[in-house]
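The lines below spell out each chain.
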Amino acid sequence: MLIDLHSHSYYSDGVLSPASLVRLAHEASCDVFALTDHDTIDGQEEAMIESENIGINLITGVEISALWSNMTVHIVGLGIDPENETLKKGLLKHKELRSQRAIRMARGLSGAGINGALEKTQAIASDGMITRTHFAQMLIQEGVCKDMKSVFRRYLTGKKPGGVGAQWESYEEVIGWIHAAGGVGVIAHPLRYRMTNTKARRMISSLKDAGCDGVEVVTANSTKDEITLTSKWANELDLLVSSGSDFHGWPNQRIQIGNLQELPEPSKCVINKIING
Ligand code: AMP
Ligand code: MN
Ligand code: MN
Ligand code: MN
């Protein structure tokens, strides 16, 4: 089974339309696919229409920013009802937080001599929400930095000019929205946060205590050792497992939809819970 339950369209910080992503997933022979834009479900309907046209199993999805111990973590909600009012209201709040953060980020960048950052970044984000990815692409286009890695390091994290924290809702609250919408919550890319493995395991354990259902053990470029480690945590903490590429589609990123290693224990995949309840 080829399962890709993590991807982004131009409704958040990806490049492609929801329909194009669904077609790519189909071409890559994915058996199950999910579009999981950051803090928005605006692309879900378009993805659903295309999945019915071409006949691919699409699961509804969203990747929600949340705070754990004052740090941002990402919780993927799968099998959610896009009409659910609790979820919609929560996502609206995060949309507002993003607009406010973008203004503060632009102010920070202006202090570093980068003018018109908000307007230039808004033009790249078009009608979609503003994310740090858009600020990063803007700074690359302006010739300030040459790649994503250096732009995040030099401008968009910590105490750097555009490093502005956002007061996302707590992980308990976010897991509550996902459950209210009938979905399952999955901790995204557990080894990609700026924390030690010990701390990451502690974070996963807290989220499990708050009712989180699973953890993403396979992501693009996961090594065998990383998969072994995160699968072990999932087993110890009695969490389901998931796999997702986190595809965004920027030309300067090499990740492909569906190019993922097998889950060590496919029977524990979150899709079983989503499909069978
Ligand atoms: P935001 O949710 O607006 O804070 O943006 C977070 C997004 O920025 C993530 O989902 C990634 O797509 C992207 N991102 C964060 N750090 C990096 C990095 N070091 N290199 C490339 N992309 C990154
Ligand atoms: Mn992203
Ligand atoms: Mn993420
Ligand atoms: Mn993502």
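Here, every reference points to the structure presented above.
Residues numbered from 1 in each chain as written. Chains lettered and ligands numbered in written order. Predicted model: local features only at pLDDT ≥ 70, side-chain atom pairs only at ≥ 80, totals over all residues. Heavy atoms only, no water.

With that out of the way, let us pick up the environment of K224. Structurally, K224 can be placed in helix α9 (residues 224-236). Exposure remark for K224: the relative accessible area of 61% places this residue in the exposed category. Measuring from C-alpha to C-alpha, the distance between K224 and Q261 comes to 8.8 Å, with 37 residues separating the pair along the chain. (Helix = DSSP H or I, 4+ residues; strand = E, 2+ residues; numbered from the N terminus. Buried < 20%, exposed > 50% of the residue type's maximum accessible area, 1.4 Å probe, protein only.)

On to the coordination of the manganese ion (ligand 4). Bound to the manganese ion (ligand 4) are the protein donor atoms H6 (NE2), H8 (NE2), E63 (OE) and D246 (OD), situated 2.1 to 2.2 Å from the metal. Positions of the donor residues of the manganese ion (ligand 4) along the chain correspond to the pattern H-x1-H-x54-E-x182-D. (Donors = N, O, S within 2.8 Å, 3.2 Å for Na, K, Ca; no water.)

Another point: the packing of helix α3 (residues 85-111) against helix α5 (residues 132-141). One way to put it is that α3 packs onto α5 with a least axis distance of 11 Å and a crossing angle of 30 degrees. Taken as axis vectors, α3 and α5 run roughly parallel relative to one another. Here the hand of the crossing between α3 and α5 comes out right-handed. Touching R101, A102, M105, A106 and L109 of α3 are R132, F135, M138 and L139, all from α5. Among the residues making up the contact of α3 with α5, the classes are represented as seven nonpolar, no polar and two charged. (Axes fitted to C-alpha atoms, helices over the stretch in contact; angles between N-to-C directions. Parallel < 35°, antiparallel > 145°, perpendicular 65-115°, else oblique. Left-handed = near helix turned anticlockwise from the far one by under 90°. Contact = heavy atoms within 4.5 Å. Nonpolar A, V, L, I, M, F, W, Y, C, P; charged D, E, K, R; others polar.)

Moving on to the site of ligand 1. Around ligand 1, the structure places D13, H38, R98, R101, T131, R132, T133, M148, F152 and H248. In the model, an oxygen atom of ligand 1 is placed 2.8 Å from a nitrogen or oxygen of the R98 side chain. Within the contact set of ligand 1, an oxygen atom lies 2.6 Å away from a side-chain nitrogen or oxygen of R101. Within the complex, 76% of the 500 Å² of free accessible area of ligand 1 lies under protein. When atoms are counted within 2 Å of each cavity's grid points, the one that captures over half of ligand 1 is the largest pocket. Elements with a minimum of two residues in the shell around ligand 1: α3, α5 and α6 (148-156). A per-class count over the shell around ligand 1 returns two nonpolar, four polar and four charged. (Near = heavy atom within 4 Å. Polar contact = N/O pair within 3.5 Å; in protein donor to acceptor, adjacent residues only side chain to side chain. Areas by Shrake-Rupley, 256 points an atom, 1.4 Å probe, with all protein chains shown as cover. 1 Å grid on protein atoms, 1.4 Å probe; cavity = no way out; pocket = protein on both sides within 12 Å on 5 of 7 lines; lining within 4 Å. Sits in = over half its atoms within 2 Å of the grid points.)

Coordinates in, geometry out; function isn't part of it.
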